[in-house]
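A closer look at the structure
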Protein chains: 2
Amino acid sequence: MAARLLDGTAAALAIRAELAPRIADFTRRAGRQPGLGIVLVGDKADSQIYVTNKLKSAADEGIGATLSHLPADASLDQVLTLVRMLNADPATDGVLVQSPMPEALGSTAMQSIFDAIDPAKDVDGFTPVNVGRLVQNRADLVPCTPAGIIELLKRSAIDIAGKHAVVIGRSDIVGKPLATLLLHRHATVTVCHSRTVDLQEVAATADILIAAIGRPGMVRKSFVKPGATVIDVGINRVTDPAVARELLGDRSARYEGFVKRGSAVVGDVHREVADIAGALSPVPGGVGPLTIAMLMANTLRAAEMRLIDTIVDRR
Amino acid sequence: MAARLLDGTAAALAIRAELAPRIADFTRRAGRQPGLGIVLVGDKADSQIYVTNKLKSAADEGIGATLSHLPADASLDQVLTLVRMLNADPATDGVLVQSPMPEALGSTAMQSIFDAIDPAKDVDGFTPVNVGRLVQNRADLVPCTPAGIIELLKRSAIDIAGKHAVVIGRSDIVGKPLATLLLHRHATVTVCHSRTVDLQEVAATADILIAAIGRPGMVRKSFVKPGATVIDVGINRVTDPAVARELLGDRSARYEGFVKRGSAVVGDVHREVADIAGALSPVPGGVGPLTIAMLMANTLRAAEMRLIDTIVDRR
């Protein structure tokens, strides 16, 4: 194995250590903790795990997070009413609605719900006005996963300016905002996707390659220029033993875990890439912990901005 | 000369012919013409020419355009007050503030003014919420120059899906929104800029190359893959005779015009590119007329949306 492993867990801990005194300071000045309202609809197992992790991180960090859990058969109106209550609650600084919504609510439900979040409390950065401000390079609240990737690169002393960054994936949550952040940091940026011709050749021109397309182990050695930085953003649950053996290696502790539990989470980057990349952010242990750290950072930032607004209003 | 010339003037005429019956229909239903309020601050010659062209096009098209002209020493408050009056005026469907502002207003004045425009009347598509909706692929009002380029490609039967598009320039007005539009039409998109290393090599991988960087004649033959489509978005005024001779050719009618007037407008693409490109949108006669046609289209669209809202409100 040649690649330097980028340790997202360590970077997340460093970020959270930096947040701690600011959170304590906010709590002292405001007379309450920063408040994060999390909305979960339905019983999807993965969503419950994500929400549990967020609640635990907030508690560890001194952020007062509350969970509002609606049943899987909740109506869109019920979800919107809940979001509006959190918007109106003075002690709630951030509102996070865990995606996805139950399919019964229709394909546009998630966006309707994001649209209802007060932009000043939009800690995911998914409302149109915050997306627009990101493009205009004046965002207060940047989507957590892309912001976490930028932090990981910065803290790993990997230069962005003048480099060719190739982003595989064009989602609203990762691909598009990440491309914008890299562009503002003076990378030359290429966005690839499922309709890209010669994906392998384009990827192999990257100095920084980001895989966020949701295809287990799709990025092979042949996609990577020797020495390039590779960031794996994929979170794919595999249950096929043959696929798991191929992607985890049949003598690894992670493969043993798969055999025990019947499933495992793998990224978009094949393990063989570690032999050729210069630096690699793996799954798990890479971007995941940073996403949660940036959620904490956004909640604090929203709280600080609301506190300043309150002080100004009182004058 | 090998390249097929993409005739922006003809495409703009075709678009405007398609708008005419819709404008007549709106005027009949609403009892008034679609209304466009144009704001001009100061006496910059180029800005005055742009505004005059927009007013003339609107009049030709059956759109009621009015010019509000403030002196060069107007305050930011005066400009904002004017914008708010146009926002509140029921007969104004679109508000356009001609950029740039006089330098005395400071570097953030233009954005403050755009921010004040009612998003429903934002015919330039520069307010944060409209920028965000563009990224989310659900824009009602798309910035005029990028929208015009997409129309030109479509009407010239140039495929976008699966092609590699390289955009040189990352402005909020052209580069970034155009990259987004091309991405949504399934191009693989690379954005280059002044900090790009090996710009020439990257550009030469493009199937569709768009130059919007504001450097006279910068894109030479060596930047272009033989047969590629090249779209010149540059609008650069040159006054140096040596530069003019090089870029216009000393035996051309345009060079004679330069000698007579002492200046000429040239694009970012060198004339030698016509020998190697498969298709070329030139300056002048390419993107310029389309920008104005799309402004008319946006004004009509804003008017139609407001009319529907009015009908719904009355119920």
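Please read these numbers as outputs of a predicted model, since none were measured by experiment.

Observations regarding the nonpolar core
Looking at soluble globular proteins, one finds that nonpolar side chains tend to be buried together. Core analysis: the biggest nonpolar cluster contains 178 residues, and A:V167, A:L209, A:I210, B:V167, B:L209 and B:I210 have the highest contact counts within it. Setting aside residues up to four positions removed in sequence, B:V167 forms contacts with B:G175, B:L178, B:A179, B:V189, B:V191, B:C192, B:I210 and B:A212.

Structural notes on the sheet that holds strand β11 (residues 279-281) of chain B
Across the sheet, 12 strands lie side by side as β1(A)-β11(A)-β8(A)-β7(A)-β5(A)-β6(A)-β6(B)-β5(B)-β7(B)-β8(B)-β11(B)-β1(B); this open sheet has mixed pairing. With one partner strand each, in any of the chains shown, β1 (4-5) of chain A together with β1 (4-5) of chain B form the two edges of the open sheet. Summarising the sheet, strand β5 (residues 164-168) of chain B and strand β7 (residues 208-211) of chain B pair through four bridges and their orientation is parallel. Pairing of B:I168 across the sheet is with B:A211, part of β7(B).

Thoughts on the pairing of strand β3 (residues 64-70) of chain B
All names here are of chain B. Of the pairings in the sheet, the one linking strand β2 (residues 35-41) to β3 comprises seven bridges and is parallel in character. Bridge pairing in β3 places I38 opposite L67. For the segment spanning β2, helix α2 (residues 45-61) and β3, crossover handedness is right-handed.

Here's the deal with the interface of chain A and chain B
Counting residues at the interface gives 24 residues for chain A and 24 residues for chain B. Among the secondary structure elements, those contributing two or more residues to the side of chain A that touches chain B are α5 (128-135), α7 (175-184) and β6 (188-192) of chain A. Looking at the side of chain A that touches chain B, the element that brings in the most residues is α5(A), giving seven residues. For the side of chain A that touches chain B, the class distribution of residues is 11 nonpolar, eight polar and five charged.

Digging into the relation of the copies chain A and chain B
Relating one copy of the chain to the other takes a rotation about an axis and a shift parallel to that axis. Turning chain A through 180° and shifting it by 0.0 Å along the axis lays it on chain B, with an RMSD of 0.0 Å. Accordingly, the operation relating the two chain copies is best matched by a two-fold axis. Most of the interface of chain A is mirrored in chain B, where 100% of its interface residues again form contacts.

Observations concerning the sheet that holds strand β4 (residues 94-97) of chain B
Residues and elements named next belong to chain B. If you walk across this open sheet you meet the three strands as β3-β2-β4, and the pairing is parallel. Strands at the two margins of the open sheet, each flanked by one partner only, are β3 and β4. On average, adjacent strands in this sheet sit at an angle of 20° to one another, irrespective of strand direction. By the bridge criterion, four bridges tie β2 to β4 in an arrangement that is parallel.

Cut-offs used in this document
Residues numbered from 1 in each chain as written. Chains lettered and ligands numbered in written order. Predicted model: local features only at pLDDT ≥ 70, side-chain atom pairs only at ≥ 80, totals over all residues. Core = buried A, V, L, I, M, F, W, Y, C linked by C-beta atoms within 7 Å. Buried ≥ 20, exposed ≤ 12 C-beta atoms within 10 Å, placed from the backbone. Contact = placed C-beta atoms within 7 Å. Pairing = 2+ DSSP bridges. Helix = DSSP H or I, 4+ residues; strand = E, 2+ residues; numbered from the N terminus. Right-handed = clockwise from strand over helix to strand, strands pointing away. Nonpolar A, V, L, I, M, F, W, Y, C, P; charged D, E, K, R; others polar. Least-squares fit on C-alpha atoms with pLDDT ≥ 70 in both. Axes fitted to C-alpha atoms, helices over the stretch in contact; angles between N-to-C directions.

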